[in-house]
Amino acid sequence: MTSIRRSLALSFIERYLLMAIALFGSILVARLLTPEEIGIYSVSLALIGIAQVVRDFGLGNFLIQERDLTDAHIRTAFGFALFIGFTLFGLVFLAAPAIADFYANDRLLQTLRISSLNFLVLPFCSISLSLLRREMAFNRLIKVNLIAASVGFITTISLAYAGCGPNSMAIGGVTSNLVTGMGAWFVRTDRKFLLPGISEWRKVLNFGGQSSLAAIVTTIAMDINDLAVGKILGFAPVAIISRAQGLMNLFHRDLMTAVRSVAFPAFSKAHRAGENLEVRYIASVTNVTVIAWPFYGFAALYALELIRLLFGPQWDEAVPLVPWFCLAGAVAATSNLILNAIMATGRIDLVTKSELFYQPLRAALIVAAAVLFESIWACTIAFAIALIAHTPYIYAFKSRCIPNDYRLLLSQLWSSAKVTFAALSGPVILVIYEGLGRHEPMGIMLILTAALVCGLSWLMALILFKHPLTADPLFQRLVAGLPRFA
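On a predicted model such as this, the values are computed, not experimentally measured, just so you know.

Criteria and thresholds
- Residues numbered from 1 in each chain as written.
- Predicted model: local features only at pLDDT ≥ 70, side-chain atom pairs only at ≥ 80, totals over all residues.
- Heavy atoms only, no water.
- Phe/Tyr/Trp six-rings, centres within 6.5 Å; stacked < 30°, edge-to-face > 60°.
- Helix = DSSP H or I, 4+ residues; strand = E, 2+ residues; numbered from the N terminus.
- Buried < 20%, exposed > 50% of the residue type's maximum accessible area, 1.4 Å probe, protein only.
- Lys NZ or Arg CZ within 6 Å of the ring centre and 35° of its normal.
- Polar contact = N/O pair within 3.5 Å; in protein donor to acceptor, adjacent residues only side chain to side chain.
- Contact = heavy atoms within 4.5 Å.
- Core = buried A, V, L, I, M, F, W, Y, C linked by side-chain atoms within 4.5 Å.
- Axes fitted to C-alpha atoms, helices over the stretch in contact; angles between N-to-C directions.
- Parallel < 35°, antiparallel > 145°, perpendicular 65-115°, else oblique.
- Nonpolar A, V, L, I, M, F, W, Y, C, P; charged D, E, K, R; others polar.
- Patch = residues over 30% accessible without salt bridge, like charges linked within 9 Å, V, L, I, M, F, W, Y side chains within 5 Å.
- Areas by Shrake-Rupley, 256 points an atom, 1.4 Å probe, with all protein chains shown as cover.
- Salt bridge = Lys/Arg side-chain N within 4 Å of Asp/Glu carboxyl O.

Caption draft 1: Layout of the packing of aromatic side chains. Counted under the stated rule, the structure contains 15 aromatic pairs. Consider the rings of Phe102 and Tyr103, whose centres lie 5.2 Å apart with planes at 90°: the pair is edge-to-face. Between Phe251 and Tyr296, the aromatic rings sit 5.8 Å apart at their centres with planes inclined by 65°, giving edge-to-face as the arrangement. One end of the pair, Phe251, is in helix H10 (residues 235–272); the other, Tyr296, is in helix H11 (residues 277–301), and 45 residues separate them in sequence. Grouping residues by exposure puts Phe251 and Tyr296 together as buried. In this structure an aromatic cluster arises from ring pairing among Phe357, Tyr358, Tyr393 and Phe397. Seen from the ring of Phe311, Arg243 lies directly overhead, with NZ or CZ sitting 4.8 Å from the centre. The positively charged end of Arg243 is found above the aromatic ring belonging to Trp315, 5.2 Å away from the centroid.

Caption draft 2: Region of the structure containing the side chain of Glu305. In this structure, Glu305 sits in helix H12 (residues 303–311). Among the polar contacts listed, one links the side chain of Glu305 to the backbone nitrogen of Met442, at a separation of 3.0 Å. Residues in contact with Glu305, not counting those within four places in the same chain, are Arg438, Glu440, Pro441, Met442 and Ile447.

Caption draft 3: Local environment of the nonpolar core. Counting 82 residues, the largest nonpolar core has Phe267, Tyr281, Trp315 and Leu337 as the members making the most contacts within it. The element contributing the most residues to this core is H10, with 15 residues. What Trp315 contacts, discounting residues up to four positions off in sequence, is Ala30, Pro35, Ile38, Ala239, Ile240, Arg243 and Ile307. In this structure, Ile74, Leu112, Phe119 and Phe235 belong to the second largest nonpolar core, which totals 28 residues.

Caption draft 4: Focus on the packing of helix H5 (residues 107–116) against helix H6 (residues 118–134). Packing of H5 against H6 brings their axes to within 6 Å, and their N-to-C directions diverge by 25°. Considered as vectors, H5 and H6 are oriented roughly parallel to each other. Residue-level inspection shows Ile114, Ser115 and Ser116 of H5 in contact with H6, the latter providing Asn118, Phe119 and Leu120. Of the residues that constitute the contact of H5 with H6, the class distribution is three nonpolar, three polar and no charged.

Caption draft 5: Seen up close, unusual backbone geometry. If you check the backbone angles, Ala104 has positive phi at about 55° while not being a glycine. Among the secondary structure elements, Ala104 is positioned in the loop between helix H4 (71–102) and H5. Given a relative accessible area of 69%, Ala104 falls into the exposed group. A positive phi is found at Glu374, a non-glycine position, where the angle reads about 50°. Among the residues examined, Glu374 registers a relative accessible area of 55% and is labelled exposed.

Caption draft 6: Representation of the environment of Leu109 within the structure. On the secondary structure map, Leu109 appears in helix H5. Using a relative accessible area of 27% as the deciding quantity, one classes Leu109 as partly exposed. Expressed as a C-alpha distance, the spacing of Leu109 and Ala96, which sit 13 residues apart in the sequence, is 5.4 Å. Not counting residues within four places of it along the chain, the set of residues in contact with Leu109 comprises Ala96, Pro97 and Ala100.

Caption draft 7: Inspection of the environment of Met460 at higher detail. Along the chain, the position of Met460 falls in helix H18 (residues 444–464). Judged by relative accessible area, Met460 falls into the exposed class, the value being 54%. The spacing of Met460 and Val419 is 41 residues in sequence and 8.6 Å in space, taken between C-alpha atoms.

Caption draft 8: Broad picture of the packing of H11 against H12. In contact at an axis separation of 5 Å, H11 and H12 are set at 80° when each is read in the N-to-C sense. Relative to H12, H11 is oriented roughly perpendicular. Mapping the contact onto sequence places Ala299, Ala300 and Leu301 in H11 and Ala303, Glu305 and Leu306 in H12.

Caption draft 9: Representation of a nonpolar patch on the surface in the model. Taken together, the side chains of Ile232, Val371, Leu372 and Phe373 define a hydrophobic patch exposed on the protein surface, amounting to about 420 Å² of accessible area. Among the elements that take part in the nonpolar patch, helix H15 (residues 348–373) stands out by supplying three residues, more than any other. With respect to the helices, strands and loops of the structure, Leu372 is situated in helix H15.

Caption draft 10: Local environment of the pattern of salt bridges. Under the criterion given, the structure shown has five salt bridges. For the salt bridge of Arg280 with Glu275, the shortest nitrogen-to-oxygen distance reads 2.8 Å. Taking the shortest distance from any N to any O, the salt bridge between Glu278 and Lys398 comes out at 2.5 Å. Of this pair, Glu278 sits in helix H11 while Lys398 is found in helix H16 (residues 376–398), placing the two residues 120 residues apart along the sequence. Take Glu278 and Lys398: they sit in the same class, and that class is buried. Because the salt bridges share partners, they merge into one network encompassing Arg308, Asp316 and Glu440.

Shown next, in the form of structure tokens:
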């Protein structure tokens, strides 16, 4: 457990620092670029994202999970990465004019072609990064990722200030990946120059095929709002929805990435040791929700203040959308780790089946909302409905390999709910006093006071209600280190 806590702590440190850099970058970019320029990059990123899943082909997970990893496995994975990367670069580069014509925007052409350069760089990043993760070398990974993110941040902001528009973000992304590839290779203990190979192609193809099929469908569904909304409503609404969803993604995507990066190997280890995986899973969900629910509640209550503070008044249209995304994120927090638990049992087939059925329905719902209502409100509500409906659906799939103990789960979630109610009581009273339909944000001191009250109430409620998180040795050490007042 000590190694898991250390890995989780390092993973959290990495994600928080990367989030801080990304958040600061988003704040500056939102002031240097127009919503349309950010929307152009968002659409290009969505298109590149679909191809990116094909490029990954599950090669990183293959290298991490392979029991007896040899140079032949690494060379084959490298060979696959190079072939797929160069192929996708050519396809995206050549298809860029047709895509730009489809969206009737000439600026999209150059942004897409710059972004396509990532396919030439990423094969050299992914292999080294996967081997470092296999070694649990999170201390070295932090250095590499922070340096790369900082270089990418400086490049993006400098070019945006110079008037490069959406291309500034595209060039910043390529630069960041270049630094990542060089840094990851440099910090490895075994810096071999291995030529690409194909000797283990059957094993790689079998694993990568199943992994990629589910990932491709998932990515298309995840990006369908940018693609559909960009075509039907224009680029500015894409950016508005993206900013509203961004508050949810601070936890749902960014913070949970750190949790999942450790949860998967931890669940796998527990499964191999014959432990009760359901108990381990419920304990993890309980600890996630007691943090997630107060976060989403606070973000929904103070959406206007947070949007103004982070992005400026030009993004006020995103404010009423934030509570819908926060509601969806709060429900999803109860099931975010299910796919990791299923994969830990070796049932990647269940993961593939669940995603192949759910994700097309999710995409169809969002596209239908965009076509029928031509409204960002409709697209937002469709997103929330789809994410909320996913929770009971994915629990049904989990039951096929890990029986659901709903009684224990609901009991533990009730513990998180009580802490959430207590933590948000003060912020709710302040919002009611200031006015739910306010058009001007509260002062910064009021926001800081509300956040402080929320944090202190959360800590006291954890202890008062004896939430399971308080039994964790790491929490006890943190509490022991707090100043005491006689």
